[in-house]
Amino acid sequence: MIHETRETRTIQLYQSAEHPCAYLDQKQSRSLFVDPHQVQSMRIYEALIDQGFRRSGDIIYRPDCLNCNQCISLRIPVAEFSPRRIQRRIWNRHHEHFRVVEQTAEFNPDHFALFKRYIHSRHPDGEMEETSEAGYQQFIASSWSNSRSFTFYYQDRLVAVAVADILRQGLSAVYTFFDPEIESLSPGVFCLLWQINECKRRHLPWLYLGYWVPDCRKMSYKSQYLPHDAYINGTWVRIQRHE
């Protein structure tokens, strides 16, 4: 049941057919999604993201699987975030060496080439391996979202791109990819920490991380940023660090 607000009371939701889960082997997945024929907007998106929804291209969706609740939406209260020792070490070691350029999230051949190298290295057997130029553009942005590509340069070399949507209540991290050759520098961690700091700079209270899947190793990193809120049974639940 979707909680009604002034912004969402007229929104029609549909349920997808079941299909193989992208995160867990031998599991079936299905989603709730906003009527694709309805004019979507940042207003609708901002209302629904606080109810566990997410954006992929033009589609606003939320997992709605039978007999499984592994996809848990997470958000970080940036004013209260306290980095772990290893996260602080990564930030202190590299923040003066990365240069970040903000751009509209649109097709860029250099970004796409970096994306392909990342996917081939990290997800060679996944469905994203076959992503085309058009598919890439449709994935990172939409016709209505306020989407940005934060481009990271290390020693004047393009090494990472963090795509995020700018909302009134925060940033929503859409997708981050980086040069596999610099994995030892922990660029994924650095990019996420940078987005937390960017939220603070913009006076935005939340960084939305998308879905944490506890039993999926590749998604486990999201739970390492504390405190965070987890969307469980229709309510945001604060998870604190256990000292």
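Residues numbered from 1 in each chain as written. Predicted model: local features only at pLDDT ≥ 70, side-chain atom pairs only at ≥ 80, totals over all residues. Heavy atoms only, no water.

Of all hydrophobic cores here, the largest spans 31 residues; its most connected members are F115, I140, F152, V159, Y175 and F177. Elements with a contribution of two residues or more to this core: helix 3 (109-122), helix 4 (133-140), strand 9 (147-154), strand 10 (157-166), strand 11 (170-178) and helix 5 (187-201). The element contributing the most residues to this core is strand 10, with seven residues. I166, L171, L192 and L193 belong to the second largest nonpolar core, which has 18 residues in total. (Core = buried A, V, L, I, M, F, W, Y, C linked by side-chain atoms within 4.5 Å. Buried < 20%, exposed > 50% of the residue type's maximum accessible area, 1.4 Å probe, protein only. Helix = DSSP H or I, 4+ residues; strand = E, 2+ residues; numbered from the N terminus.)

Time to look at the pattern of salt bridges. Summed over the entire model, instances satisfying the criterion amount to 16 salt bridges. For E102, the salt bridge is made with R202, and the minimal N-O distance between the two is 2.8 Å. Note that E102 is positioned in strand 8 (residues 98-104) and R202 in the loop between helix 5 and strand 12 (206-212), a separation of 100 residues in sequence. For E102, a relative accessible area of 37% puts it in the partly exposed group. Several salt bridges share partner residues, and in doing so they unite D50, R75, E80, D229 and R238 into one network. (Salt bridge = Lys/Arg side-chain N within 4 Å of Asp/Glu carboxyl O.)

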